[in-house]
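Fold and contact review
Listed below, chain by chain, are the residues.
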There are 2 protein chains.
Amino acid sequence: MRAAVDLFAEQGYEAATVQEIAERAGLTKTTFFRHFSDKREVLFAGQETHRRILDEAIAGAPATATPLELVATAIDALSATFAEDRRELAARLRTVIARHNELQERAVFKRTSLASAMTEALQLRGVPASTASLAADLGVRAFHQAFDRWAESSDGPPLTTLTRQALDELRSTIATLV
Amino acid sequence: MRAAVDLFAEQGYEAATVQEIAERAGLTKTTFFRHFSDKREVLFAGQETHRRILDEAIAGAPATATPLELVATAIDALSATFAEDRRELAARLRTVIARHNELQERAVFKRTSLASAMTEALQLRGVPASTASLAADLGVRAFHQAFDRWAESSDGPPLTTLTRQALDELRSTIATLV
DNA sequence: GAATTGATGTGACTCAGTAACATCACGCTA
DNA sequence: TAGCGTGATGTTACTGAGTCACATCAATTC
């Protein structure tokens, strides 16, 4: 993955071939595709882990929690897995993705998948489908916003702080909307 | 596009080659790619038109409109462009997309693009960025939900009715969330 | 020390997507 | 009417993503 981010940053996404990426990592094209289902996926691996974290956090939350509290717990748990030493890589990743439509497409899709996962988990906790889906979307949106801010500056507050902030902001924005 | 939908429905998305699609339409592969930037795009063309409709509706709404009213106007205008005779094709399209991840990915991306377009248009009307983005998302979500219902049954209410319903439902769901 | 297993390499293949050049149908003008 | 330009299409050849069958190799196990 580091090889890919570097090459994409140097030459652009299209110009870098899978073979080059694999070679820089000391492997071959075939092995690359054994680990990543396609060229873009190398930047987005680990999705199943995120899904599981969200799932478990929601399943394990206190019975009295409201939907938004469940969501807050979930993205809190997810944020906690991003240690400070991943910040720089995250920033480079963000830059590369921002430059290429195909990568943004995958990024958006991954976000949607996370939202679906949360929606399901919320429904298992008895939250009605429409509420669950909206709450999940808000959560993913908050996380994404916070993640961006986190990656942007190398010495700002930790991700968990930003995530909670973002969710609070969203909550108050919503209030002005209705 | 009809050739593509048919072939995808018959053989699945991966199994149908671009050459086959083009041939069924009485053309060649090269010509296909002159009209659609890639294989998936054949199912999603017309996006720029939708974008323009949303833009114009928002720009042309009365000065007193609230953000959600602006959004309602926009998706109303968009819905009005879907005549009843497109219902059946829409339904087949939906089925094909539902069966293939790659197509869902593109679909999600297109939805996000529409949301961005609306967000920009709302900001031009003075709506603050965070509010605009949330409102736009709600609009796209309402439209998508309505579109699904519309395509599902061949003799239900027209799309515009469903769109307005969906947006109303969303609004009340939000209220329960805060 | 042979057998098993999992990860990797090799080579050949299909198909998406690009590019250069040729052709054809058309409307316009001399 | 002949000739010209233009836009859409066809032809051919190419690159690179992604798949597949088969070979290799190292570590583990019995």
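Each remark here, short or long, concerns the structure printed above.
Reading guide: rules and limits
- Residues numbered from 1 in each chain as written.
- Chains lettered and ligands numbered in written order.
- Predicted model: local features only at pLDDT ≥ 70, side-chain atom pairs only at ≥ 80, totals over all residues.
- Helix = DSSP H or I, 4+ residues; strand = E, 2+ residues; numbered from the N terminus.
- Buried ≥ 20, exposed ≤ 12 C-beta atoms within 10 Å, placed from the backbone.
- Contact = placed C-beta atoms within 7 Å.
- Near = placed C-beta within 6 Å.
- Nonpolar A, V, L, I, M, F, W, Y, C, P; charged D, E, K, R; others polar.
- Least-squares fit on C-alpha atoms with pLDDT ≥ 70 in both.
- Expected span 1.5 Å × (residues − 1).
- Core = buried A, V, L, I, M, F, W, Y, C linked by C-beta atoms within 7 Å.
- Axes fitted to C-alpha atoms, helices over the stretch in contact; angles between N-to-C directions.
- Parallel < 35°, antiparallel > 145°, perpendicular 65-115°, else oblique.
- Left-handed = near helix turned anticlockwise from the far one by under 90°.

Check the secondary structure of chain A and you find nine helices and zero strands. The order of helices and strands in chain A, counted from the N terminus, is α-α-α-α-α-α-α-α-α. Along the first, second and third principal axes, the C-alpha atoms of chain A reach 55 × 35 × 30 Å. The 178 residues of chain A split such that 34% are buried. Relative to all contacts within chain A whose residues are 6 or more apart in sequence, the contacts with residues 24 or more apart total 61%.

On to the protein's contact with DNA strand C, then. Within the structure, DNA strand C sits among L27, T28, T30, T31 and R34 of chain A together with T17, V18, Q19, T30, F33, D38 and K39 of chain B. Of all the secondary structure elements, the ones that give two or more residues to the surface near DNA strand C are α3 (29-35) of chain A together with α2 (18-24) and α3 (29-35) of chain B. In terms of residues, the surface near DNA strand C owes the most to one element, α3 of chain A, which gives three residues. Classifying every residue of the surface near DNA strand C by side-chain character gives three nonpolar, six polar and three charged.

A few words on the environment of G60 of chain B. Residue and element names in this part refer to chain B. Within the secondary structure layout, G60 lies in helix α4 (residues 47-60). For G60, a count of 10 C-beta atoms within 10 Å puts it in the exposed group. In the structure, G60 is positioned 48 residues away from V108 in sequence and 27 Å away in space, judged by C-alpha atoms.

The next point concerns the protein's contact with DNA strand D. Close to DNA strand D lie T17, V18, Q19, T30, F33, D38 and K39 of chain A together with L27, T28, T30, T31 and R34 of chain B. Every element with two or more residues in the surface near DNA strand D is listed here: α2 (18-24) and α3 of chain A together with α3 of chain B. Here the surface near DNA strand D takes three residues from α3 of chain B, the largest share from any one element. Class assignment for the residues of the surface near DNA strand D results in three nonpolar, six polar and three charged.

Attention shifts here to the interface of chain A and chain B. Every contact between the two is made by 18 residues of chain A and, on the other side, 18 residues of chain B. At the level of elements, α5 (67-80), α7 (101-124), α8 (129-152) and α9 (159-177) of chain A are the ones that each hand at least two residues to the side of chain A that touches chain B. Each residue belonging to the side of chain A that touches chain B can be placed in one class, and the counts come to 10 nonpolar, five polar and three charged.

Turning to the relation of the copies chain A and chain B, a few remarks are in order. Note on the identical chains: chain A maps onto chain B by a rotation of 180 degrees and an axial translation of 0.0 Å, with an RMSD of 0.0 Å. Read as a symmetry element, the transformation amounts to a two-fold axis. Of the residues that chain A buries at the interface, 100% are likewise interface residues in chain B, meaning the two copies contact each other through the same surface.

Next up on the list: helix α7 (residues 101-124) of chain B. Taking 1.5 Å per residue, 24 residues should reach 34 Å; α7 of chain B reaches 35 Å between its end C-alpha atoms and fits that length. In the stretch just after α7 of chain B, G126 of chain B is the one whose phi turns positive, near 95 degrees.

Looking now at the nonpolar core. M118 of chain A together with M118 of chain B are the most contacted members of the largest nonpolar core, which totals 68 residues. Those residues in contact with M118 of chain B, other than ones at most four positions away along the chain, are L54, I58, V71, A74, A136 and G139 of chain B.

End to end, α5 of chain A covers 20 Å across 14 residues, agreeing with the expected 20 Å (1.5 Å per residue, within 8%). The complete set of buried residues in α5 of chain A reads P67, L70, V71, A72, A74, I75, L78 and S79 of chain A. In this structure, the buried side of α5 of chain A is in contact with α4 (47-60), α7, α8 and α9 of chain A together with α9 (159-177) of chain B.

As a further point, take the environment of H144 of chain A. Along the polypeptide, H144 of chain A turns up in helix α8. For the pair H144 of chain A and R111 of chain A, spaced 33 residues apart in the sequence, the C-alpha separation amounts to 8.2 Å.

With that settled, the discussion passes to the packing of α4 of chain B against helix α5 (residues 67-80) of chain B. Residue and element names in this part refer to chain B. α5 packs onto α4 with a crossing angle of 140 degrees between their chain directions and a minimal axis gap of 8 Å. By the criterion of interaxial angle, the relationship of α4 to α5 is oblique. In terms of crossing hand, the pair formed by α4 and α5 is right-handed. For the pair formed by α4 and α5, the contact residues are H50, I53, L54, A57 and I58 on the first element and L70, T73, A74, A77 and L78 on the second. Residues belonging to the contact of α4 with α5 are distributed by class as follows: eight nonpolar, two polar and no charged.

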